[in-house]
Amino acid sequence: MLFIMFSLVCFQSQAQSFKKTTGTIVDENGEPLIGANIYKLGTKIITTSDFDGQYIINAKKGDILKFTYLGFENKTLTVKNPTLNITLKSNVENLNDVVLIGYGSVKKKELTGAVARVEAEELEKIVTSDLGSALQGQVSGVNVVAPSTPGGESEILIRGITSVGGDNTPLYVVDNIIQDGDPRIPPSEIETIDILKDAASTAIYGARGAAGVILITTKKGEAGTLKVRFNGSSAIQLRKPAIPLLNATEQLYVNTVSFRNTTGNVDADLRIPTLQNPYALQNDTDLNKLIFNDQAYVHNYNTSVSGGTKELTYNVTMGIFNQKGLQLNSNYERFNTRSNTTYKKGKLSVGTSVGLSIDKRDIPRNNLLSQAIVYNPNQNGLVLDDFNDLLDNGDQANRLTWVLQSLKTKQYLKNLRSNASINLNYDVNDNISIRANSGVTYNVGRGKIKVPYQEVINSSTKQPITQPTNSYIEDNSTERVNFYAEVGTNIKKEIGEHKLNLGLFFTAEKTTSDQFRARRLEAVNKDLDVLNSATGEQIVSSGFDFVDTRLSQIARFQYNYKGKYNFSSSVRFDRSSKFLYENNFAMFPSMAFAWNVSDENFWDDFKSTVNNFKVRITHGTVGNDRIAPYEHTATITQNIDYIGSNGTNEILNNGATQTDFKNPNLKWETTRQTNLGIDMAFLKNKITLGADFYTTNKENMLFPIFLPTSAGGGNNATIVYNAGNMTNKGLELSLKYRNRIGKVSYQMTGTFATNQNKITKINGDSDFLFTNDNGLVSRASTQSRITAHKVGREAGAFYLWRTNGIIDTEEKLAEYQTIDGNAKMGDVRFIDQNNDKQLDDNDRVYSGSGLPKYEIGYNVNANYKNFDFSMNWYASLGHEIMNGFNAWAYGFGRHKDLIYQWSEANPITTVPAYRDDIRNHRNFIGYSDLWLEDGSYLRLRQVTLGYSLPKKTTKNLGIERLRFYISSQNPLTFTKYTGYNPEVGGGVTAKGLDKGTGPISVQYLAGINFNF
């Protein structure tokens, strides 16, 4: 007996003094999980499971171990015995995950609205300076057009066009603080993004939520030892070949044929600069060598330091981004840093965030790529740093001045963006909590433009064509400050299986903007770019200074019964300074209901196949006040001089005139949306499906109405009216599949979205309004305005003259001369749609638009041992593009296919005769369907292969993780579009008009992830 007791005591003593813990990690089916991570919390100790799912780690009784594996729920346990076997559950759709919903959060299971989440891991797969580019194809119903030059902003539409006359940018909320526009936060600083898509979810943001809401949570620290993470990559960019243009010999041939077609004279009468100077044929100038940078670089480096205690945690991030653009003068560089701290003790929690970003963007001159097209190859080659006098004459001299201004203009924009916020939460008791948030964002922008003087002399008259007064240096500055504050309370109560939650909040927001601009003419000093280096007239003016304020009261009620039935309702009262007092108040209510059908007893028989099924229905109202401030007030502009008389001679008198017109009846634009959605999971969450169908009705849309010049406002003067209604209808699908085959685990995600936009009403005498799209060809804007708003069609639709081939027979010529008496053989046959024997705007017909009918995203992630693989595909289908590059190239006689133009020697062709440029002859007019192309495309957004060193190796090196990867961005694009890039933005009025979209940046990069 004594021996047995002694043995038991020794055994217990040994069990209590063990220093290593072992075990096996398996999934729900008992299959071993290879490469699962096991962390000993509070230390740097980490290990992984082997091919049999077994592990061993230095851990004793009382230590806390955390088990993680991609695609499975994390599990944290306290060690009690030397053997600890673990079963991890799949978390394909973890219903206990918390999702932000605005002024609060809920579990996925209790979510009633259409809300999508994107994790940091997905964002960081795309190397970009812009958040929108990283989101493309990740979320159904979120349309993203990425910028074509470094540092540009993406165009983001959530569920289609929100406003015809206002801003369509979503509302950004960073760490509970409402932002003034796009906060330009680097993806490296972001932990999660929650996107609110339906009106019931966005209604709690009232007037700010009409275009959807993007909730950004920045990275926070975790309790434990200090952790350092580094992610760096470098890339080389390549581009698509340039638009095909004529060489010098071909240009002479085309000019000769065009002369014959236009005049009917013999070649001996031809007078062009090339024939006057035959040596010009030796030039064969190609400006693409000047305007493009081949093999431009991209560098992206980010690091973070995090850690803390149980009460205080911290995370500090820092990043450097540097990209040289593919176009001349299109570079971008940025430094960013952010510090987040969280303090929790007892009932009080405090969070602070301070961020700073400093960037500089070199901006290429407008129409740089298009202007280069018009330069003839037989003109002299250009050297950017050479400012000696240049000689040319005739039309070629004009083209020379255009091109010189585009090539030699230098423009940049420097921005300092800073923000600070504090979030307070105090739990009065288990049922009542009080929260207060406050933040400020401060943005300062400094811009400079230098248009240097370059003398161009007419070689015939020896007189200068250019004037020093056309050159200038301009400085401009903008200071923008946004203050935001909110205070509120949440009251929770559980009565049996009933859960109730009431939230009450008050918010205030103020935005101020101050601008300043100074310009001095005659920038004749090529070496200096300060204002005083110019010698001419000085022009100083303020910009558009304003103050905006908003006050809001919010109430939200949430109800949950047994997790089966979830109800949410909110109401928000807004006041906005954008409207006069009698119109500046509005109420925005919403209701939402969700039913977890799979929790019902009658669903038990289906759970083996469909283990989760939820139905959601929502209805909400949101507003829109995104118009320029003071639209309800008329303004007078001074220094508008006018001609008078002193009794003898005409003199110029100082004057003023009304340039802005008021509309005192201006009121809120209102959006009402109904959403029906389902969420399903199959085969123990291997497959998940989400689907949403929505209808949106927009009333009293804020339209800019053009005024006649007789009103006194000058050209393109507008006044804003509540002048129309519009609808959006759409379907969104998201499908996710996760599985494991042997040692390979993989996940596939697909998204699909379709949206149908339609204008249903335009107030006034007409159901048709042309927009101010500024023309497809800037040098011929009047001859190339394309888009219009028409009842029954989508906003910003294309209205074009349709063509019916060319005049290539005498019969066709005789018939067409009844419409156009000046028509000749080889001219385009435009269709007289209304048979009134003349061509005008009434003959323009609907010809599609730049809005895609369908969008598809497809993402793949896979892991095998220490290797990882990912790729993202994106498709935009069913939209059209007006190819401005072709309009420029044909319209100014430079496209290579003009060698096949109609002539007496080439009567069988589809290429019309070139008689004069786009401004003087309608053959290549900008609003014809000659430039209409299918804009659909499929693109491989990124493909990445990575390798992580084995855990044993990194452990011996004293580090947590070391991963190397190679990647390519945009390596493949499948499209019929013949321009540089089918990804064309332009806003509502010019969407799909390719006025100079730069070439696709194809990147090949290598990078490293280093954690310790």
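The following refers to the structure shown. All values derive from a computational prediction rather than experimental measurement.

**Comments concerning the pattern of salt bridges**
Working step 1: Within the structure shown, the criterion is met by 40 salt bridges.
Working step 2: Where Arg 616 meets Asp 679, a salt bridge forms, and the shortest distance between an N and an O atom there is 2.8 Å. Linking Arg 616 in strand β32 (residues 610–624) with Asp 679 in strand β37 (residues 669–682), this pair joins segments that are 63 residues apart in sequence.
Working step 3: Given a relative accessible area of 3%, Arg 616 falls into the buried group.
Working step 4: A single network of salt bridges, built from pairs that share partners, joins Lys 40, Lys 60 and Asp 63.

**Remarks on empty space enclosed by the protein**
Working step 1: Tallied over the entire structure, the rule returns nine cavities of 30 Å³ or more.
Working step 2: Counted as a void, the largest cavity has a volume near 410 Å³.
Working step 3: Taken together, 29 residues line the largest cavity, and the ones lying closest to its centre are Pro 147, Gln 323, Asn 970, Ser 1001 and Gln 1003.
Working step 4: Breaking the lining of the largest cavity down by element, the ones donating at least two residues are β51 (937–948) and β52 (961–975).
Working step 5: When its residues are assigned to classes, the lining of the largest cavity shows eight nonpolar, 17 polar and four charged.
Working step 6: The computed volume of the second largest cavity comes to approximately 190 Å³.
Working step 7: Looking at the second largest cavity, it is lined by 18 residues, and the ones nearest its centre are Asn 143, Gly 160, Asn 755, Pro 852 and Glu 855.
Working step 8: Elements that contribute at least two residues to the lining of the second largest cavity include exactly β39 (718–741), β40 (744–762) and β47 (854–864).
Working step 9: If you tally residues by element for the lining of the second largest cavity, the top one is β40, at four residues.

**Considerations on the packing of aromatic side chains**
Working step 1: With the rule as written, the count across this model stands at 30 aromatic pairs.
Working step 2: Aromatic side chains Phe 579 and Trp 668 sit 5.1 Å apart centroid to centroid with 50° between the ring planes, which places their arrangement in the tilted category. Here the residue Phe 579 occupies a position in the loop between β30 (565–576) and β31 (585–596), and Trp 668 occupies one in the loop between β36 (656–660) and β37, the gap between them amounting to 89 residues. Residues Phe 579 and Trp 668 agree in their burial class; the two are buried.
Working step 3: Aromatic pair Tyr 890 and Trp 931: ring centres 5.6 Å apart, planes at 35°, arrangement tilted. Within this pair, whereas Tyr 890 is found in helix α11 (residues 884–891), its partner Trp 931 is found in the loop between α11 and β50 (932–934), the two being separated by 41 residues in sequence.
Working step 4: Taking relative accessible area as the criterion, Tyr 890 reaches 12% and is therefore assigned buried.

**Observations concerning the sheet that holds strand β15 (residues 190–196)**
Working step 1: Sheet architecture is open: five strands sit in the order β10-β15-β16-β13-β14, paired in mixed fashion. This sheet does not close on itself; its edge strands, each paired only once, are β10 (115–119) and β14 (177–178).

Thresholds, definitions, all that
Residues numbered from 1 in each chain as written. Predicted model: local features only at pLDDT ≥ 70, side-chain atom pairs only at ≥ 80, totals over all residues. Heavy atoms only, no water. Salt bridge = Lys/Arg side-chain N within 4 Å of Asp/Glu carboxyl O. Helix = DSSP H or I, 4+ residues; strand = E, 2+ residues; numbered from the N terminus. Buried < 20%, exposed > 50% of the residue type's maximum accessible area, 1.4 Å probe, protein only. 1 Å grid on protein atoms, 1.4 Å probe; cavity = no way out; pocket = protein on both sides within 12 Å on 5 of 7 lines; lining within 4 Å. Points joined across faces, edges and corners; volume = space filled by probe spheres on them. Nonpolar A, V, L, I, M, F, W, Y, C, P; charged D, E, K, R; others polar. Phe/Tyr/Trp six-rings, centres within 6.5 Å; stacked < 30°, edge-to-face > 60°. Pairing = 2+ DSSP bridges.

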